[in-house]
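An overview of the molecular structure
Okay, here's what each chain looks like letter by letter:
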Amino acid sequence: MNTDQRKDHWNTIYSTKSLNEVSWYQPTPQSSLDLIRNTNCKKTDKIIDIGGGDSFLVDHLLDNGFTNISVLDISEKAILKAKNRLGDRANLVTWIVADIAKFTPIETYNIWHDRAAFHFLTQENDIKNYKNAFTNGIKQGGTLILGTFSENGPLKCSGIPIKQYSSAMLHTLVSPEFKQEETFSINHTTPSSSTQNFTFGRFSKL
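Now for a quick tour of the structure. (Residues numbered from 1 in each chain as written. Predicted model: local features only at pLDDT ≥ 70, side-chain atom pairs only at ≥ 80, totals over all residues. Heavy atoms only, no water.)

Let us now look at the overall build of the chain. Along its length, the chain carries six helices and nine strands. Computed over C-alpha atoms, the radius of gyration of the chain comes to 16 Å, within 12% of the 17 Å expected from 2.2 N^0.38 for 206 residues, which places it in the range of a compact globule. Overall, the C-alpha framework of the chain stretches about 40 × 40 × 30 Å when taken along its three principal axes. A buried classification covers 52% of the 206 residues belonging to the chain. By sequence separation, contacts in the chain at least 24 residues apart represent 68% of the contacts at least 6 residues apart. (Helix = DSSP H or I, 4+ residues; strand = E, 2+ residues; numbered from the N terminus. Rg over C-alpha atoms; globule rule 2.2 N^0.38 Å. Buried < 20%, exposed > 50% of the residue type's maximum accessible area, 1.4 Å probe, protein only. Contact = heavy atoms within 4.5 Å.)

A separate point is unusual backbone geometry. Omega for the peptide link from S175 to P176 comes to 0°, which places this bond in the cis form. One non-glycine residue, N40, lies in the positive phi region at around 55°. Tracing the sequence through the fold places N40 in the loop between α2 (30–37) and β1 (47–50). When its relative accessible area of 68% is taken as the criterion, N40 is described as exposed. Positive phi, close to 75°, is recorded for S193, a residue that is not glycine. Position of S193 among the secondary structure elements: in the loop between β8 (178–189) and β9 (195–205). Residue classification places S193 among the exposed positions, given a relative accessible area of 59%.

What follows is about the pattern of salt bridges. Enumeration according to the criterion identifies six salt bridges in this entry. Where E107 meets K46, a salt bridge forms, and the shortest distance between an N and an O atom there is 2.8 Å. With E107 in the loop between β3 (93–97) and β4 (109–115) and K46 in the loop between α2 and β1, this pair connects stretches of sequence that are 61 residues apart. Across the pair D63 and R89 runs a salt bridge, and its minimum N-O distance is 2.8 Å. Taken as a pair, D63 in helix α3 (residues 57–63) and R89 in the loop between α4 (76–86) and β3 lie far apart in primary sequence, 26 residues in all. Of the residues examined, D63 reaches a relative accessible area of 54% and is grouped as exposed. R89 sits in the partly exposed class, given a relative accessible area of 29%. (Salt bridge = Lys/Arg side-chain N within 4 Å of Asp/Glu carboxyl O.)

This part is about the packing of aromatic side chains. What the rule picks out here adds up to 10 aromatic pairs. Pairing F118 with Y130 gives two aromatic rings, centres 4.8 Å apart and planes at 40°, and the pair type is tilted. A residue pair is termed long-range when its members are at least 10 positions apart, and F118 in the loop between β4 and α5 (124–137) and Y130 in helix α5 qualify at 12 residues. Of the two residues, F118 and Y130, neither departs from the other in class, the shared state being buried. Above the plane of the ring of Y165 lies K163, whose end atom (NZ or CZ) is 5.7 Å from the centre. (Phe/Tyr/Trp six-rings, centres within 6.5 Å; stacked < 30°, edge-to-face > 60°. Lys NZ or Arg CZ within 6 Å of the ring centre and 35° of its normal.)

A word on the nonpolar core. If you look at the biggest cluster of nonpolar residues, it comprises 34 residues, and the most contacted ones within it are W10, I36, L61, I69 and W95. Looking at this core, the elements that each hand over two or more residues are α1 (3–16), α2, α3, β2 (69–73), α4, β3, β5 (138–149) and β9. If we skip the residues at most four places from it in the chain, L61 touches L33, I36, I47, F66 and I69. W112, Y130, A133 and V174 belong to the second-largest nonpolar core, a separate cluster that totals 26 residues. (Core = buried A, V, L, I, M, F, W, Y, C linked by side-chain atoms within 4.5 Å.)

Let us now look at the pairing of β4. Burial analysis of β4 places seven of its seven residues in the buried class, which makes it a mostly covered element. Strand direction decides the pairing type here: β1 and β4, joined by four bridges, are parallel. Looking at the pairing, I50 lines up with D114 of β4. Of the strand pairs in this sheet, β4 and β5 are connected by six bridges, and their pairing is parallel. (Pairing = 2+ DSSP bridges.)

Fair warning: the whole summary comes from geometry, so function is off the table for now.
Listed below in structure tokens is the structure:
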């Protein structure tokens, strides 16, 4: 998929499905919150959520007092839904509409979080561009958090192919610029009661 195809695909998804109908629906993104907490970050640290769409991570970060949050998604429809849900609190967040495969950060972040966006990139050039983005977009000593479908997870999501990752594969991907801090696998239960196995990793920039 090119950028326009990706944008059309995700705008259609977010225009035709309610939040609790999509497979990634998660009222409390506990694994992500735990990994962010494990960084011992400050409430003023810069956090960017890649492919955040209208997920609830931003709500929980605001509830926990974080004051420097950015959310990036390719779908304007997804971001509009999140803004509408947050109401006035949406003004506390920096919203970025962009294709992560083409994204060049203009600032650096303490925490770069991505649950279930990266694995949609299956072309080597897109993966390389993504790595360049987070390598350049994370502060020295900052944190990269990646959550992808594992080798025991689905081969497709929302009708399109994904790329599976084991903990070792994620470690190899981010080396040598990042040090592995923790990795684990976890099951996510979708609204349709199916099970998706994820690999999560937390890495520190050297």
